[in-house]
Amino acid sequence: MQLEPRENISISRVILAPLTAILAAFVICSALILWTGESVFEAYGHLFKGAFGSRFAISETLNRATPLIFTGLAAAVAFRAKFWNIGAEGQLYFGALAATVLGAGVITMPSILMIPFLFLAGAIAGGLALLGPVFLKTTLKVDEVVTTLLLNFVILLFVNYLLEGPLKDPMSMGWPQAAAIIDEGVLPALLPRTRLHIGFVVALSAAVMIWALMRYTIWGYEIRAVGANANAARFAGISINRTVMLVAMLSGGLAGMAGITETAGTKGYLTLDLSPGFGYSGIAVAMLANLHPLGVIVSAIFLAGIYVGSDSMSRAVNIPTYISDVMVALCVLSVLVSLLFVKYRVRWK
Amino acid sequence: MDWLELFISAGFWAAMLRIAAPLIFGTIGELVCERAGVLNLGIEGIMTMGAMTGWMWVFQGGSLWGGVMFAAFVGAMFGLLHAIFVVHLGLSQHVSGIGITLLASSLSYFVFRMILPDSTTPPKITPFQPINIPGLSDLPFFGEAFFSHTPLTYLALAIIPVAIYCIYRTPVGRAVRMAGENPVALEAQGIDVLHIRTGAVMVGSALMAIGGAYLTISAFDAFFFGMINGRGWICIALVIFASWKPGRALFGALLFAGLDAFQVRAQQLAGGAIPYQFFLMLPYLLSIGAMIVISKSMRYPKALLVPFRRGDRI
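Residues numbered from 1 in each chain as written. Chains lettered and ligands numbered in written order. Predicted model: local features only at pLDDT ≥ 70, side-chain atom pairs only at ≥ 80, totals over all residues. Heavy atoms only, no water.

Novice: Can you break down the overall build of chain B residue by residue, with the values?
Specialist: Counting its secondary structure elements, chain B contains 13 helices and zero strands. Going residue by residue from the N terminus, the α and β elements of chain B occur as α-α-α-α-α-α-α-α-α-α-α-α-α. Against the compact-globule benchmark of 20 Å for 314 residues, chain B has a radius of gyration of 20 Å, which places it among compact chains. Dimensions of chain B along its principal axes, counting C-alpha atoms only, are 65 × 50 × 45 Å. Split into buried and exposed, the 314 residues of chain B put 57% on the buried side. Across chain B, the fraction of contacts at a sequence separation of at least 24, relative to all contacts at a separation of at least 6, is 78%. Put simply, chain B shows about 12700 Å² of open surface, and 68% of that area lies on carbon and sulfur atoms. Once the 18 positive and 14 negative side-chain charges of chain B are each reduced to a mean point, those two points are 12 Å apart. (Helix = DSSP H or I, 4+ residues; strand = E, 2+ residues; numbered from the N terminus. Rg over C-alpha atoms; globule rule 2.2 N^0.38 Å. Buried < 20%, exposed > 50% of the residue type's maximum accessible area, 1.4 Å probe, protein only. Contact = heavy atoms within 4.5 Å. Areas by Shrake-Rupley, 256 points an atom, 1.4 Å probe, with all protein chains shown as cover. Lys, Arg positive; Asp, Glu negative; His and termini not counted. Charge placed at Lys NZ, Arg CZ, Asp CG, Glu CD.)

See the structure below:
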């Protein structure tokens, strides 16, 4: 078996290949549903209804997609430059910490200033969380995969300590949670009587801005060049270290903003279960989108649909919720393979 | 208990070996993969899978060694999947590895929940028991510290010399090293690089899965959600710390485990003066620190992360 590059890449193949792959992932997953003894069509029906079947379902899905767009963009930007930031989970919590420290009453401003201020603070905090790994990478060539991964555990323990100690809300009846974000900082609702908030719009505009940055600016060009071929980029006079630093700050900042949408938007305060792995799911979002910033919007809504839908599916029929993670993993792997066949054809010998 | 007493207590040294054993399996497994030129970020998920399948085999009435074999088999199958993606199709090793971790860990939890739908307290099995070595086990101090362990702990220590012998002294080991250093030269010898790499990833993944199974059928007696808790990632740091040498991997794993055992005991000694979370951070921070220390003298396999296609030239 040999892989041969295709001469021209057709647009229809770029669109159809991932869709076929996702279909294949659902077919494989139906084997697991058959094992539970439930009807496959009924189960997928509940999944779809739970994700997109009503105004409330759609609002919940878009609400879940909001942090995923941010963490998905964080992974997409970083992976595009082959900077393997697997630490979005930790950076998200750093952003959430910034929201708690600055947004719970220390500073009071009108909403119009307070909300942008919180997003900025979250982005800076997220970038700071990545400063150590990127510094070690550029000066000592320490592998960023391991440092960013391990820092997730360190940061989560640190947040755990703060929530049981200095940041613990005395009014929380003993629960390890921080004081609530003040009213001026709370993200206003987009739709009345739902949890969907303005953070979703911020996430959409972030995706568009990142897309424009990657496509139309010199920075974006340099990021893509470093990712495609670091040696060639160096010969072209691009500073690799400076580009990697820029990518890291962008990536960490985006992940930090996911912490803002969760503390100041969905939850209202910081807890230890703020994120059910949004940082890690963001990697799946970016991979499904083939690292395209606008694709991230679609894949984040799709994955959020799987998560939200499978919650209501497991309430309706007797299937463990863990099936959502299996589905996401299968989608990621099959889309990964399908995208290869967009660029290459198989020649059997 | 005093700080000094801590180091002369047999319990401390016994705990060190117990903590090191799964790390040794995982680290050697990852090392075998990377020596052949393949980064395997599936380790965290494959260890979770090994922990679940090994335990489940025993829970369903199988033997303990049967559980070890079954975990190794399932681990090898996930290794094969990773190898198909990155060795044969040449996909990104980072991305595929993360995908494998996602798949293997979520599938472990799903299968566990399917077989045991509503168990709030996880059911238990009878795990491996310490073996009594006549004479040695009765020695004061040394008996308790080093000669009253389970067979799987000794197996962990035994795979180090086996790995050293296989990697440096056998034709297969030489082929694995060449696949990671200079696959074109290996191809020129008429050896199939893709087969060597696939084999190495499968063997390595089987070892990782045994490392996971160690936790559920030797160290503890039950399977918990999130029980691997970053051990796989620590193994990847240990491979770098060991500079891809099995002997140094043993040293790294023991050093790390010693600190972890110390950390747990120091927590009790500190008696709440320092919040416990800071002690729990130590192992992760130490792993990062070890990578910084080693970064100057690091010598990684030349073809690590580089996919090979038949007929490639450098």
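Novice: Please provide a residue-by-residue account of the packing of aromatic side chains, values included.
Specialist: Counted according to the given criterion, the structure contains 23 aromatic pairs over all chains. Between Phe-48 of chain A and Phe-52 of chain A, the ring centres sit 5.8 Å apart and the planes meet at 50°, which makes this aromatic pair tilted. Remark: Phe-52 of chain A and Phe-48 of chain A occur in helix α2 (residues 40-52); sequence separation between them is four residues, near one turn of the helix. Given a relative accessible area of 54%, Phe-48 of chain A falls into the exposed group. In this structure Phe-52 of chain A comes out as partly exposed when scored by relative accessible area, which is 31%. Ring pairing ties together the aromatic residues Tyr-322 of chain A together with Trp-55, Phe-59, Tyr-109, Phe-112, Phe-223 and Phe-225 of chain B, which thus form one cluster. (Phe/Tyr/Trp six-rings, centres within 6.5 Å; stacked < 30°, edge-to-face > 60°.)

Novice: I'd like to hear about the environment of Pro-301 of chain B, residue by residue, with values.
Specialist: The topology assignment puts Pro-301 of chain B in the segment after α13 (276-294). Setting aside residues up to four positions removed in sequence, Pro-301 of chain B forms contacts with Glu-34, Arg-35, Gly-180, Glu-181 and Trp-244 of chain B.

Novice: Residue-level account of the pattern of salt bridges, with values.
Specialist: Residue and element names in this part refer to chain A. Under the defined criterion, the tally for this structure stands at six salt bridges over all chains. A salt bridge links Arg-345 to Glu-4; its shortest N-O distance comes to 3.8 Å. Taken together, the positions of Arg-345 in strand β2 (residues 344-347) and Glu-4 in strand β1 (residues 2-5) put the pair 341 residues apart, joining distant regions of the chain. Overall, Arg-345 belongs to the partly exposed group, its relative accessible area being 30%. (Salt bridge = Lys/Arg side-chain N within 4 Å of Asp/Glu carboxyl O.)

Just distances and angles here, no functional claims.
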